[in-house]
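Report on the structure
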Amino acid sequence: MTDGLPAELFASDEPEVAPVWRALGLPGLFDVHVHFLPQSIQDKVWAVFDQAGPKIGRDWPIRYREPHAHRVAQLRALGVRRFSALPYAHRPGVATWLNDWARDFAAEVEECLWSATFYPEEGVADYVEASIEAGVEVFKLHTQVGEFALDDPLLDGAWGLVEDAGVPVVTHVGSGPVGNAFTGPAYLRRLLERHPRLPVVVAHMGAPEYADFLELAETHKHVRLDTTMVFTDFFDGDAPYPHDLLPRLADLGDKVLLGSDFPTIPYPYREQLDGLLALGERHPGLGEDWLRRVLWHNGVELFGAPATPPGTRP
């Protein structure tokens, strides 16, 4: 499994992931929802999870707490050929620093999408424009953590630039795990009324407001959903995905992307895949063809293929 990487990088009980994508005839996995942050920020984020803070709401042990280089090696060993970093600004004044760090990280790790973030603050349009012109590949916004509205007037100029450039934005605006005054589908609905061409990827499929966000993906050409933590026992225990939505989800197969939330998950990476594999038993339209699109092809279509030949590692 490790292909020569140090065995201590991997838990002894780590389930194999490669058999899943190999059985589907895929070159690997394309995971659009992975986090890498500056270590000082990463430590603070993990401390919030360790304390089961008010925005977490439950015990959330983190399985993959290794240094950056170890986590990159883990993803490569699992067969994740393309992934994101997804920094997210939680207050004014930090976005440009996070963006600079993520730019350098992507330059060092060629499988990583060049990720960036922005926040409602003075000058946001300027640094968003600079990021777009420099070649950023994906933005991340987290309204629950940052406590801001997607349609905040300060963001309007930035949204216009992102819309025109067609850079996807992974957006956590669903009310899970703990909702607040800045979460819920109404914010995205209003934003899309003003910027209908925005390429939005709704994190966690919008949990727990699954039906509302599914409808937005059905009715807006450029809205997609990522699978992050959905269909796992940990997540479904609080907000199970409604069975009656599965036929519609099957019809939306070209707009669903694999997401995992690695490394901040309390279970092995394989559990995300097992949850998706089990969907085929619940609805025939969620079988192997659907899985191939979700685990690889939809990500490639949105972001492009990996720079290195599939199956190789730097």
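Residues numbered from 1 in each chain as written. Predicted model: local features only at pLDDT ≥ 70, side-chain atom pairs only at ≥ 80, totals over all residues. Heavy atoms only, no water.

**A word on unusual backbone geometry**
A cis amide bond, omega 0°, links alanine 207 with the succeeding residue proline 208. If you trace the backbone, proline 208 turns up in the loop between strand E6 (200-202) and helix H9 (210-219). The omega angle of the peptide bond from phenylalanine 262 to proline 263 is 10°, so this bond is cis rather than trans. Mapped onto the secondary structure, proline 263 falls in the loop between strand E8 (256-257) and helix H12 (270-277). A positive phi angle, near 60°, is found at histidine 204, a position not held by glycine. Its location among the elements puts histidine 204 in the loop between E6 and H9. (Helix = DSSP H or I, 4+ residues; strand = E, 2+ residues; numbered from the N terminus.)

**Overview of the confidence of the model for the protein chain**
If pLDDT is low for a region, its predicted coordinates should not be looked at in detail. Confidence in the prediction for the protein chain averages 93 pLDDT; 93% of positions are at 70 or higher. Low pLDDT, under 50, characterises residues 309-314; the stretch is placed with ten contacts to residues that sit more than four places away or in other chains. (pLDDT = per-residue confidence, 0-100. Contact = heavy atoms within 4.5 Å.)

**Notes on the packing of aromatic side chains**
Where two aromatic rings form a pair, the distance of their centres and the angle of their planes describe that pair. Scanning the model with the defined rule gives 15 aromatic pairs in all. Ring centres of phenylalanine 234 and tyrosine 267 lie 6.4 Å apart, and the angle between their planes is 55°; this geometry places the pair in the tilted category. With phenylalanine 234 in helix H10 (residues 233-236) and tyrosine 267 in the loop between E8 and H12, this residue pair connects regions lying 33 residues apart in the sequence. Comparing phenylalanine 234 with tyrosine 267, the two get one shared label, buried. Members of the aromatic cluster, each reached through a chain of ring pairs, are Phe36, Phe83, Trp101 and Phe105. Sitting above the plane of the phenylalanine 234 ring, arginine 58 keeps its charged end 3.7 Å from the centroid. (Phe/Tyr/Trp six-rings, centres within 6.5 Å; stacked < 30°, edge-to-face > 60°. Buried < 20%, exposed > 50% of the residue type's maximum accessible area, 1.4 Å probe, protein only. Lys NZ or Arg CZ within 6 Å of the ring centre and 35° of its normal.)

**Overview of the sheet that holds strand E3 (residues 115-117)**
If you trace the six strands from one edge of the open sheet to the other, you get E3-E4-E5-E6-E7-E8, paired in parallel fashion. At either end of the open sheet lies a strand with only one pairing partner, and these are E3 and E8. Across three bridges, E6 lies against strand E7 (residues 223-226) in parallel orientation. For valine 201, the partnering residue across the bridge sits in E7 and is arginine 224. (Pairing = 2+ DSSP bridges.)

**Quick notes on the side chain of aspartate 31**
Within the secondary structure layout, aspartate 31 lies in strand E1 (residues 29-31). A polar contact is formed between the side chain of aspartate 31 and the side chain of tyrosine 269, at a distance of 2.7 Å. With residues up to four places along the chain from it excluded, the contact list for aspartate 31 reads Val80, Arg82, Phe83, Ser84, Leu258, Gly259, Ser260 and Tyr269. (Polar contact = N/O pair within 3.5 Å; in protein donor to acceptor, adjacent residues only side chain to side chain.)

**Description of the pairing of strand E4 (residues 138-142)**
With five of its five residues buried, E4 lies for the most part within the structure. A crossover connection joins E3 to the parallel E4 through helix H5 (residues 124-134); in handedness this β-α-β unit is right-handed. Sheet topology note: the E4/strand E5 (residues 169-172) ladder contains four bridges and is parallel. Looking at E5, one finds that histidine 142 is bridged to histidine 172. (Right-handed = clockwise from strand over helix to strand, strands pointing away.)

**Points about H12**
Buried within H12 are the following residues: Gln272, Leu273, Gly275 and Leu276. For H12, the angular spread of buried residues about the axis comes to 155°, placing them on one side. The inward-facing, buried residues of H12 abut helix H1 (18-23), E1, helix H13 (279-282) and helix H14 (288-303). (Arc of directions from axis to C-beta.)

**A closer look at the pattern of salt bridges**
A full pass over the atoms with the stated rule returns 15 salt bridges. Residue aspartate 274 pairs with arginine 270 through a salt bridge whose shortest N-O separation is 2.6 Å. On the criterion of helical spacing, the pair formed by aspartate 274 and arginine 270 is a turn pair, its members being four residues apart in helix H12. Here glutamate 288 and arginine 292 are joined by a salt bridge, their closest N and O atoms 3.2 Å apart. (Salt bridge = Lys/Arg side-chain N within 4 Å of Asp/Glu carboxyl O.)

**What to know about helix H2 (residues 39-50)**
Each full turn of the α-helix corresponds to 3.6 residues, which orients residues three or four apart in the same direction. Given a rise of 1.5 Å per residue, twelve residues ought to cover 16 Å, and the 16 Å separating the end C-alpha atoms of H2 matches this to within 8%. Of all the positions in H2, only Ile41, Gln42, Val45, Trp46 and Phe49 are classed as buried. Viewed along the axis of H2, the buried residues span an arc of 130°, placing them on a single side of the element. After H2 finishes, the residue alanine 52 shows a positive phi value of roughly 50°. (Expected span 1.5 Å × (residues − 1).)

**Notes on the pairing of E7**
Looking along a regular strand, one sees side chains alternate from face to face of the sheet. Alternating residues of E7 divide into Val223 and Leu225 and Arg224 and Asp226, and every residue in both groups is buried. For the crossover from E6 across H9 to E7, the handedness is right-handed. As paired elements, E7 and E8 share two bridges and run parallel to each other. Counterpart to aspartate 226 in the pairing with E8 is leucine 257.

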